[in-house]
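Structural characterization, general
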Amino acid sequence: DPKLVAAGEKVFAECKACHQVGESAKHRVGPVLNGVVGRQVGQAEGFNYSPAIRKAAEQGMIWDHATLDAYLASPRSVIEKGRMSFQGLRSEDDREAVIAYLRTFN
Ligand code: HEM
């Protein structure tokens with residue numbers, strides 16, 4: 001849905017302080033998010049993740065829609081002691097939209 005993706009691009013403004021997406025994206029405070037939807041957590045090559053996220057990866061955690069939605073609502077509810085210092089997106093519509101936007105970089 002192109003409208004949802006466009007809405008998600010606007011929501012992503014809140015993420016840009018720390019994350020990049022697209023062809024020339026580079027790791028910043030947070031990892032490049034290309035390909036993250038549906039992938040195992042903590043897999044962006046060359047990014048120094050927290051021990052907490054690496055442990056979740058070892059346990060086989062995947063960024064499926066439900067997990068990503070919960071993480072974006074409240075990062076530390078999902079990755080306790082993770083390093084994403086983001087207050088979270090309170091609006092379910094915003095989360096839905098930003099996930100749709102991220103999926104376009106898969
Ligand atoms: C990790 C998304 C905002 C810093 C992640 C991951 C996702 C994500 C999906 C997991 C990446 C992976 O497993 O490869 C988002 C979205 C945001 C947002 C969609 C906006 C709605 C922010 C902001 C910051 C930030 C504002 C900085 C203040 C980080 C860091 C990590 C991370 C440092 C790595 C966490 C760790 O190693 O525990 N983010 N993020 N993010 N994000 Fe964000």
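Attention here is on the structure that accompanies the text. Keep in mind it's a predicted model, so treat the numbers as computed, not measured. (Residues numbered from 1 in each chain as written. Predicted model: local features only at pLDDT ≥ 70, side-chain atom pairs only at ≥ 80, totals over all residues. Heavy atoms only, no water.)

As a matter of local geometry, the ligand sits amid 26 residues, with Cys-15, Cys-18, His-19, Ser-50 and Met-84 nearest to it. At 2.5 Å from an oxygen atom of the ligand is found a side-chain nitrogen or oxygen belonging to Ser-50. For the shell around the ligand, the element with the most residues is helix H3 (residues 65-73), which contributes 3 residues. When the residues that make up the shell around the ligand are grouped by side-chain class, the tally is 17 nonpolar, 6 polar and 3 charged. (Near = heavy atom within 4 Å. Polar contact = N/O pair within 3.5 Å; in protein donor to acceptor, adjacent residues only side chain to side chain. Helix = DSSP H or I, 4+ residues; strand = E, 2+ residues; numbered from the N terminus. Nonpolar A, V, L, I, M, F, W, Y, C, P; charged D, E, K, R; others polar.)

What follows deals with the nonpolar core. Phe-12, Trp-63, Leu-72 and Ile-79 are the most contacted members of the largest nonpolar core, which totals 28 residues. Mapped by element, the contributors of at least two residues to this core are helix H2 (51-58), H3 and helix H5 (92-103). Those residues in contact with Leu-72 that lie beyond four places of it in its chain are Met-84, Phe-86, Gly-88, Leu-89, Arg-95, Val-98 and Ile-99. (Core = buried A, V, L, I, M, F, W, Y, C linked by side-chain atoms within 4.5 Å. Buried < 20%, exposed > 50% of the residue type's maximum accessible area, 1.4 Å probe, protein only. Contact = heavy atoms within 4.5 Å.)

Protein coordination at the iron atom of the ligand comes from His-19 (NE2) and Met-84 (SD), with a distance range of 2.0 Å. With 6 donor atoms in place around the iron atom of the ligand and angles of 88 to 178 degrees between them, the coordination shape is octahedral. With a gap of 65 residues between them, His-19 in the loop between helix H1 (2-11) and H2 and Met-84 in the loop between helix H4 (75-78) and H5 connect regions that are remote in the sequence. Both residues of the pair, His-19 and Met-84, count as buried. (Donors = N, O, S within 2.8 Å, 3.2 Å for Na, K, Ca; no water. Tetrahedral: all angles 85-135°; square planar, octahedral: opposite > 155°, others 65-115°.)

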